[in-house]
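Report on the structure
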Amino acid sequence: MAIFCDYAQVTVEAGKGGNGLIAFRREKFIPLGGPDGGNGGKGGAVYFQASDDVNTLSDFRTYKFFKATDGGPGGGNNRTGADGDDLILPIAVGTVVKENGVVIADLSQPGQLVLIAAGGRGGYGNAHFVSAVRQAPQFAELGEDGERKELELELKLIADVGLVGYPSVGKSTLISVISNAKPKIADYPFTTLIPNLGVVRFDDFDFVVADIPGLIEGAHAGKGLGVEFLKHIQRTRVILHILDVQSVDIVADYHAIRKELELFDPDILKKPEIVVLNKVDTIDEASVELLVGSLKDAKIVKNIKDVFAISAVSHHGLKPLLYKIGTMLADLPKVQFEDVVAEQDPNVIPVLRPHLEGAAKSFFIDRLSPEEITIRGQRIEQIANMTNMDNPEGVARLYDIFHKLGVMKLLRREKETANAVVVIGKQRIPFKDIPLMRNKKQ
Ligand SMILES: Nc1nc2c(ncn2[C@@H]2O[C@H](COP(=O)(O)OP(=O)(O)OP(=O)(O)O)[C@@H](O)[C@H]2O)c(=O)[nH]1
Ligand SMILES: [Mg+2]
């Protein structure tokens, strides 16, 4: 059985770290006090949290961009900037998160919290860089950018509600007006050849409706198209039984469809059922009442309230129907997706975690072309990105770190460097500007 999928593409961005401040204490009679520029605050991170309260990815089709807040800049008097707020996005249990086609998270358990984009580190203020040899640093770090990710979300859906009925009663028309599904609709039987799945958003409810090809007598034995798809109905929690007011005998129609369901799987008859009388726009109110009366006399419904008289075309009576479905589903246990997968698909997707923490301090040099010497490494790229290249003291500190970590040693081995540029993180530095030998005076 095919399992339906809901898809959405979103971009998430964590907050940028705040910039560190360059400042000096102001004291009476002292022109330049000690350095007291504070550190920037951390940028907020973006998390996904698996939640049972969400059933679909429809939120992520409405909003496509999510950003956590930036960290605040460092202040004078050694004040650290405010941290950005984390953004925790509730997401349906069972959602698989992919980046460039690779699974980075699989939210299979309710409550599971996964870090998706890390916030940028706050830049150090100049007070941080005070040392015996550097008593009045005139530089500070910039805040680091938050991670930005373009993600594909994928959620396997199980229909909550199954539409059943004869061909042409208006099943596809109904799903097309209550959900995001865009099925083919036509005035001949068997318009629907494969099931349509639609996500319904109404009030606080969201649920998934399956529209299957029309059923006819003998469907359980393979007649018509419906049998292949009755399997989808086996999974649903509520049956919506659609009758056409234009039929010559709706009571007979009702029983015929129930019979087919029973012959396919008697358990389907145990599911809660809502009886819907469609196309009421084509007859007058008195005739609707007569039809409802006949359903009542045949003991199909107890009273008039149990029948939803609607017109899928004019949208008459849809709100009470959707409300009824929503409240009914809220009281019924959910189908566990794991059960379905275990049954159908031995290739269950493994749970993977985003590998956000790498070997932080290691780095290597990549000579991509004669002109470009790329230095790669998590920590070293972070420091380079946070360096304000317009500030000579900040740049000197970067080169100092290069020396300490052994970057210069590796750079000295590079050949034909006259026109080369060193690429590190966001920075591009002409090779000739980099002091490969340590300046003894510093
Ligand atoms: N007047 C009126 N026509 C309707 C209404 N709902 C559906 N129809 C028409 O009935 C015909 C059949 O509608 P579909 O939605 O394709 O019916 P279906 O049950 O999906 O049919 P199959 O896919 O063949 O099983 C179309 O011509 C619709 O325009 C309604 O509320 N009022
Ligand atoms: Mg149809």
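The model shown is predicted, which means the values in this text are computed figures rather than measured ones.

1. A look at the site of ligand 1
Taken together, 23 residues surround ligand 1, and among them Ser-172, Thr-173, Phe-190, Thr-192 and Asp-281 come closest. Between ligand 1 and the protein, one listed contact pairs an oxygen atom with a side-chain N or O atom of Lys-171 at 2.8 Å. Between Ser-311 and ligand 1, the recorded distance is 3.3 Å, taken from a side-chain N or O atom to an oxygen atom. Within the complex, 87% of the 650 Å² of free accessible area of ligand 1 lies under protein. With three residues, helix α2 (residues 171-178) is the largest single contributor of residues to the shell around ligand 1. Of the residues contributing to the shell around ligand 1, the split by class is nine nonpolar, ten polar and four charged.

2. Things to note about the pairing of strand β12 (residues 238-244)
Of all seven residues that make up β12, seven are buried, and the element is covered over most of its length. Every second residue of β12 is oriented toward a common face, with Val-238, Leu-240, Ile-242 and Asp-244 on one face and Ile-239, His-241 and Leu-243 on the other, all of them buried. Where strand β9 (residues 161-164) and β12 come together, four bridges link them in parallel fashion. In the strand pairing of β12, Gly-162 is matched with Ile-239.

3. Description of empty space enclosed by the protein
Within the structure shown, the criterion is met by two cavities of 30 Å³ or more. The computed volume of the second largest cavity comes to approximately 40 Å³. Around the second largest cavity, the lining residues are Phe-139, Ala-140, Glu-141, Met-386, Thr-387, Asn-388, Gly-394 and Arg-397. Taken together, the residues of the lining of the second largest cavity sort by class into three nonpolar, three polar and two charged.

4. Section: the confidence of the model for the protein
Caution applies to low-pLDDT regions: their predicted coordinates should not be interpreted in detail. Mean pLDDT over the protein: 87, with 90% of residues reaching 70 or higher. Of all secondary-structure elements in the protein, the lowest mean pLDDT belongs to helix α7 (residues 337-344), at 47, while strand β13 (residues 273-278) reaches the highest, 97. Below pLDDT 50 for its whole length, residues 340-358 participates in 30 contacts with residues either more than four positions away or in separate chains.

5. Overview of the environment of Ile-365
On the secondary structure map, Ile-365 appears in strand β15 (residues 364-369). The spacing of Ile-365 and Val-423 is 58 residues in sequence and 9.8 Å in space, taken between C-alpha atoms.

6. Observations regarding the packing of aromatic side chains
This model, assessed by the stated rule, comprises six aromatic pairs. When the centroid spacing of 5.9 Å and the interplanar angle of 55° are considered together, the rings of Tyr-399 and Phe-402 count as tilted. Taken together, the residues Tyr-399 and Phe-402, both in helix α9 (residues 392-405) and three residues apart, mark about one turn of the helix. On the basis of relative accessibility, which here comes to 0%, the residue Phe-402 falls in the buried class. Through a chain of ring-to-ring contacts, three or more aromatic side chains come together here, namely Phe-48, Phe-60 and Phe-66.

About the thresholds
Residues numbered from 1 in each chain as written. Chains lettered and ligands numbered in written order. Predicted model: local features only at pLDDT ≥ 70, side-chain atom pairs only at ≥ 80, totals over all residues. Heavy atoms only, no water. Near = heavy atom within 4 Å. Polar contact = N/O pair within 3.5 Å; in protein donor to acceptor, adjacent residues only side chain to side chain. Areas by Shrake-Rupley, 256 points an atom, 1.4 Å probe, with all protein chains shown as cover. Helix = DSSP H or I, 4+ residues; strand = E, 2+ residues; numbered from the N terminus. Nonpolar A, V, L, I, M, F, W, Y, C, P; charged D, E, K, R; others polar. Buried < 20%, exposed > 50% of the residue type's maximum accessible area, 1.4 Å probe, protein only. Pairing = 2+ DSSP bridges. 1 Å grid on protein atoms, 1.4 Å probe; cavity = no way out; pocket = protein on both sides within 12 Å on 5 of 7 lines; lining within 4 Å. Points joined across faces, edges and corners; volume = space filled by probe spheres on them. pLDDT = per-residue confidence, 0-100. Contact = heavy atoms within 4.5 Å. Phe/Tyr/Trp six-rings, centres within 6.5 Å; stacked < 30°, edge-to-face > 60°.

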